[in-house]
Structures are given as C-alpha cells and as structure tokens.
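Single-letter residue listing:
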Amino acid sequence: MGINYSTVGEMKEGSYIVIDGEPCRVVEVTKAKTGKHGSAKANIVAVSIFTGAKKTLMAPVDSTVEVPIIEKHVGQVISNLGDKVQIMDLDTYETFDIEMPSEEEIASKLRKDAEVEYWIVMGRKKIVRVK
C-alpha cells in the first residue's frame, strides 16, 4: 500500500504523514515540554494531498506514525475530459484518466501534449505540476 513508519518527533514542516487514512503534507509542528507525568507531546497540523482538508494529530513524540511513500512520475496530457485528464506515462506509455487538479494554477495549464509531474500516493494519482 506504500507506507513507511516514523515517529512523531521526527516530523517537521514539509514532510508527509498519514492522518485518519489520508496522506497529508505537514504544515505546522509544535512540541510541548515533558510534563510531570509522561513524555513530551507534539501537535501536528497537516493538509490532505488530495482534498486540501486540514487534519491535526496530537501524540507523544515517541509514538509511531505512518508516512506515505510518494512515487513521482512524468506524463503527457493526451486529452482534457473536463473533470478528468487523460495522461500517458512517458516511461511505461500506459494511459489512464486522472482527476482534474483543484488548484487553478495547475488546471489552467493542462493542455494537450503538456508534460506533467504526477504522484502515486497510497494507490491514488494526483497531478502536482505542469512542466
């Protein structure tokens, strides 16, 4: 399924984490000092790679968290199907449909023959930039 493991204490801004089964990019990490009765805690704020929803996780710094494995690929736009884009992988020549990115600055550049970088994260695909 494409998951590694790390500890909460190793998380930093810009790293990736799985919260509630959703792969997310960490945008903020705050750590609280060790209390009288236990270990230091960290509060992680992250944004979902696919939905943009904000997720938070508060846990001891030594607890284990899942980290998504991100496969980065290059493809070429074959056609724009409105809410989906047909892409051909430039290594394998496999063609597939992928959801139109919600980010306007990416979606506005998706034209036939445009080269894109797409990620496969936990079995799901997302266009992250137009080259």
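What you see is a predicted model; the values in this text were computed from it and never measured. (Residues numbered from 1 in each chain as written. Predicted model: local features only at pLDDT ≥ 70, side-chain atom pairs only at ≥ 80, totals over all residues. Heavy atoms only, no water.)

Trainee: Help me understand the sheet that holds strand 3 (residues 22-32), please; the structure alone is not making it clear to me.
Mentor: Think of a sheet as strands paired side by side through backbone hydrogen bonds, with each pair either parallel or antiparallel. With antiparallel pairing, the four strands of this open sheet are ordered in space as 2-3-4-5. Of all the strands in the sheet, just strand 2 (16-19) and strand 5 (54-60) have a single pairing partner and so form its edges. With strand direction ignored, the average angle separating the axes of adjacent strands in the sheet is 45°. Of the strand pairs in this sheet, strand 4 (residues 41-48) and strand 5 are connected by seven bridges, and their pairing is antiparallel. Residue pairing across strands places lysine 41 opposite proline 60, the latter belonging to strand 5. (Pairing = 2+ DSSP bridges. Helix = DSSP H or I, 4+ residues; strand = E, 2+ residues; numbered from the N terminus. Axes fitted to C-alpha atoms, helices over the stretch in contact; angles between N-to-C directions.)

Trainee: I'm lost on the sheet that holds strand 9 (residues 95-99) in this one. Help?
Mentor: In spatial order, the strands read 9-8-7-10-11; together these five strands make up an open sheet with antiparallel pairing. The strands lining the two open edges of the sheet, one partner per strand, are strand 9 and strand 11 (124-130). Across the sheet, the axes of successive neighbouring strands diverge by a mean angle of 45°, strand direction being ignored. In this sheet, strand 8 (residues 84-89) lies alongside strand 7 (residues 70-80) in antiparallel orientation, the contact comprising five bridges. Note that in strand 8 the partner of serine 79 across the bridge is glutamine 86.

Trainee: Can you help me understand unusual backbone geometry in this one?
Mentor: Although it is not a glycine, aspartate 20 adopts a positive phi angle of roughly 55°. Considering the arrangement of structural elements, one finds aspartate 20 in the loop between strand 2 and strand 3. Look at aspartate 20 and you get exposed, because its relative accessible area is 67%. Positive phi outside glycine occurs at tyrosine 93, with the angle close to 65°. By secondary structure assignment, the location of tyrosine 93 is in the loop between strand 8 and strand 9. (Buried < 20%, exposed > 50% of the residue type's maximum accessible area, 1.4 Å probe, protein only.)

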